[in-house]
Amino acid sequence: MKLKPREYARRVQRASPPSPLGKDCLWAFFVGGGICLLGEVLRQWYLAKGLEWELAGTLTSCTLVALSALFTTLGLYQKLAAKAGAGSLVPITGFANAVVSAAIEFKTEGRVLGTGAKMFTIAGPVIVYGTLAAVVYGVVLWGMGAMV
Amino acid sequence: MAARRGDTLLFERMPVIASHAAVGGKKEGEGPLAAEFDELFPDNNCGQANWETAEKILQLRAARLCLKKAHATEKQVSLVLAGDLQAQCTASSYALRELHLPFVGLFGACSTMAEALGLGAALCSAGLADGLLAMTSSHFCAAERQFRTPLSYGAVRTPTAQWTATAAGCCLLHPAGQGVGIAAATFGRVEDYQIKDINNMGAAMAPAAAATLLRYLHDTGQESKDFDAIYTGDLGHLGSRLFREILTAEGLVMKNHIDCGSILYDAARQNVKSGGSGPGCCAAVLCGHILPRLERGSYRRVLFIATGALMSQTTFLQKESIPAIAHLVELRGPECTVRG
Amino acid sequence: MQYFWAFVVGGLICVVGQLLIDLTALTPARVLTGYVVAGVVLSAIGWYAPLAEFAGCGATVPLLGFGHLLAKGVKTAIEEEGAIGILTGGLTAAAAGITTSLVCGVVCSWVGKSHDQN
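Residues numbered from 1 in each chain as written. Chains lettered and ligands numbered in written order. Predicted model: local features only at pLDDT ≥ 70, side-chain atom pairs only at ≥ 80, totals over all residues. Heavy atoms only, no water.

- Per an unreviewed UniProt entry, chain C goes by the name Stage V sporulation protein AE and belongs to Faecalibacterium prausnitzii.

- Looking at an unreviewed UniProt entry, chain A carries the name SpoVA/SpoVAEb family sporulation membrane protein, with the source organism given as Faecalibacterium prausnitzii.

So, in structure tokens, the structure goes:
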């Protein structure tokens, strides 16, 4: 065939329908904003209960994680995410969804090597590189402190 | 007798597809081709505890229905050529564990059905097999958890992504007799046009389909308009468009092209993005849609080109591009099985 | 007003993520990993704390906030315990979220089953 890979790449680029950017962003904005708003409502509620600032924040995260786990187990989080995209991916509920969905999915391969080994296949990198970045920051911070 | 011309095998005495069966899952049963399936499972778990076993059931049902429609028994089968997408071809292997027949496992990704028909026809034509089953399957859930993400994980499908069909198709081949004839087979070569987007398989496979079609036309001296329809396996809507564009650039304007992946679902209503895919997709469309039309006489000659993307999760993560292959079989209606 | 800003800031952070997914070749997994690392960096240079103060959960619920939490944890731990804080601070601060996910994952795997998307 006369076709060359470079020319074909251009053709593919031209023929591929782009993601519907406006619609995607609206969904992401309202669902993502909505989840954060829910978090804020929870946090204010915990604060009103007389909990201190840090603890209220921590409990808010835990509650959101638990809610996400519930919706994931019912198969509903995936339905929302199919439309919401980053709106349901970026909040901590997305992190919980990644952990719980993998835990459920791979239970057919056993509790240890299925659920246990595979539950962090998607969420693992977030912890790995987040912690690593924090350690680098800590080294820099400590080094600067030692120099002063 | 058979002859080889270029990459194409010509079967002088055409092996025939004496019987065929298509089974599908839930979404297939809600699609435009629902009425053409022999059996539809309302629940994709097919009564099993996991998706891999469910896919095995699809193959078993397809094989048994195919034999039943031919009023044949398992004893009359001399060889089974089967394949699927699961790692190490396990849907086929476990189905054949129950059928306990001579079995050759094939892997050509979504091109496996044409691969099985081509090889099966060659074996039958040479008199080495009589009563040969060619069968493939795919299962959306089994493929999703193996290749993409857990099913309950919230992932967005890009507009170019395709939907793995939950389906299986099975054909019973004989060296001669009543049925749709297999006149020729062209085994494709691996083509790689440097597509790396795993969510754009149609684009990766379109050049392979075009290359195999051109080679077949060149080998046989036929023209595309000699056929009532030219079916590709699962290029999807985007891949089909690219396939026609490539051929137009080669001076071949296609008016009779239909893609199995594009007709299995209603893309707008069923949210399948670019269309269906998977070895079960074109196998089920072949068995439920194409072969009955040839038998009824509404088609006389058809080309069936199944396309496969041959990467793995590992090579994809290693940033390899996606190699693709397309195998072709030429099918003729029962009244035209004498070459002329 | 706190609620309004939580909604808007949280929504906008998600829109940026959506733009990264739609307009670049980045996969969602990379975007998430990038977000956490970016959160650590933004927190380190002192930008994220004021945002968290201003937008509340709008800043802390997205994964950027997870990075901020890790960085803040390391900072506090170094101040209180010295060098060992480099190793203990991050995951200590994030322990509640990670452990809840882990426990929920295991418990849900007992009761839940893989859901067909068809």
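**Considering the overall build of chain C**
Working step 1: When you go through chain C residue by residue, the secondary structure sums to 6 helices and 0 strands.
Working step 2: The secondary structure elements of chain C, listed N-terminal to C-terminal, are α-α-α-α-α-α.
Working step 3: The buried share among the 118 residues of chain C stands at 49%.
Working step 4: At a minimum sequence separation of 6, the contacts of chain C that also span at least 24 residues come to 52%.
Working step 5: Accessible surface, chain C: about 5,200 Å² in total, of which carbon and sulfur atoms supply 73%.
Working step 6: Here chain C holds 4 positive side-chain charges and 6 negative ones, and the gap between their average locations is 7 Å. (Helix = DSSP H or I, 4+ residues; strand = E, 2+ residues; numbered from the N terminus. Buried < 20%, exposed > 50% of the residue type's maximum accessible area, 1.4 Å probe, protein only. Contact = heavy atoms within 4.5 Å. Areas by Shrake-Rupley, 256 points an atom, 1.4 Å probe, with all protein chains shown as cover. Lys, Arg positive; Asp, Glu negative; His and termini not counted. Charge placed at Lys NZ, Arg CZ, Asp CG, Glu CD.)

**Focus on the nonpolar core**
Working step 1: By size, the foremost hydrophobic cluster in this structure holds 53 residues, and its most contacted members are L117, F304 and L331 of chain B.
Working step 2: The dominant element in this core, judged by the number of residues it contributes, is helix 10 (residues 279-296) of chain B, at 10 residues.
Working step 3: Shared between two domains, this core holds at least three residues of each, these being domain 1 (2-174) and domain 2 (180-335) of chain B.
Working step 4: Apart from residues no more than four positions distant in its own chain, L331 of chain B is found in contact with I17, V180, G181, I182, L286, L291, L294, R300, R301, V302 and F304 of chain B.
Working step 5: Within the second largest apolar cluster, 39 residues are counted, among which are L89, M119 and A123 of chain A together with L64 of chain C. (Core = buried A, V, L, I, M, F, W, Y, C linked by side-chain atoms within 4.5 Å. Domains from an automatic or database assignment.)

**What to know about the pairing of strand 14 (residues 301-309) of chain B**
Residues and elements named next belong to chain B.
Working step 1: Along strand 14, 9 of the 9 residues are buried, which leaves the element largely enclosed by surrounding structure.
Working step 2: With burial as the criterion, each face of strand 14 is covered, one bearing R301, L303, I305, T307 and A309 and the other bearing V302, F304, A306 and G308.
Working step 3: Pairing of strand 11 (residues 229-232) with strand 14 involves 4 bridges; the strand directions are parallel. Within the sheet, the bridge partner assigned to T232 lies in strand 14 and is I305.
Working step 4: Examined bridge by bridge, strand 14 and strand 15 (residues 324-332) share 9 bridges and lie antiparallel to one another. Within the sheet, the bridge partner assigned to F304 lies in strand 15 and is V329. (Pairing = 2+ DSSP bridges.)

**Some thoughts on helix 5 (residues 63-81) of chain C**
Residues spaced three or four apart along an α-helix point in a common direction, a consequence of the helix completing one turn every 3.6 residues.
Residues and elements named next belong to chain C.
Working step 1: Spanning 19 residues, helix 5 covers 27 Å between terminal C-alpha atoms, matching the ideal 27 Å at 1.5 Å per step.
Working step 2: Within helix 5, the full set of buried residues consists of L63, L64, G65, F66, G67, H68, L70, A71, G73, V74, A77 and I78.
Working step 3: Trailing helix 5 by a residue or two, G82 shows a phi angle of about 85°, which is positive. (Expected span 1.5 Å × (residues − 1).)

**A word on the interface of chain C and chain A**
Working step 1: In this complex, chain C contributes 61 residues to the contact, which on the side of chain A involves 64 residues.
Working step 2: Together chain C and chain A conceal approximately 5,200 Å² of surface at their shared face, both sides included; 79% is due to carbon and sulfur atoms.
Working step 3: By the criterion of area lost to chain A, the three top residues of chain C are Y3, F7 and V61 of chain C, representing 12% of everything that side buries.
Working step 4: The interface formed by chain C and chain A holds 1 salt bridge in total.
Working step 5: At the boundary of chain C and chain A, one finds 8 residue pairs in polar contact (both at pLDDT 80 or more).
Working step 6: Those elements giving two or more residues to the side of chain C that touches chain A turn out to be helix 1 (2-23), helix 2 (28-44), helix 4 (57-60), helix 5 and helix 6 (85-111) of chain C.
Working step 7: Considering every element that reaches the side of chain C that touches chain A, the biggest residue donor is helix 1 of chain C, with 17 residues. (Buried area = accessible area lost by both parts, 1.4 Å probe. Salt bridge = Lys/Arg side-chain N within 4 Å of Asp/Glu carboxyl O. Polar contact = N/O pair within 3.5 Å; in protein donor to acceptor, adjacent residues only side chain to side chain.)

**Concerning the state of the cysteines**
Working step 1: In the structure shown here, the tally under the stated rule is 0 disulfides over all chains.
Working step 2: Note on C66 of chain B: no disulfide assigned, nearest cysteine sulfur contributed by C170 of chain B at a separation of 4.0 Å.
Working step 3: Looking at C66 of chain B, the relative accessible area reads 0%, which means it is buried.
Working step 4: With no disulfide of its own, C57 of chain C has C36 of chain A as its nearest cysteine by sulfur position, at a separation of 7.4 Å. (Disulfide = S-S within 2.5 Å.)

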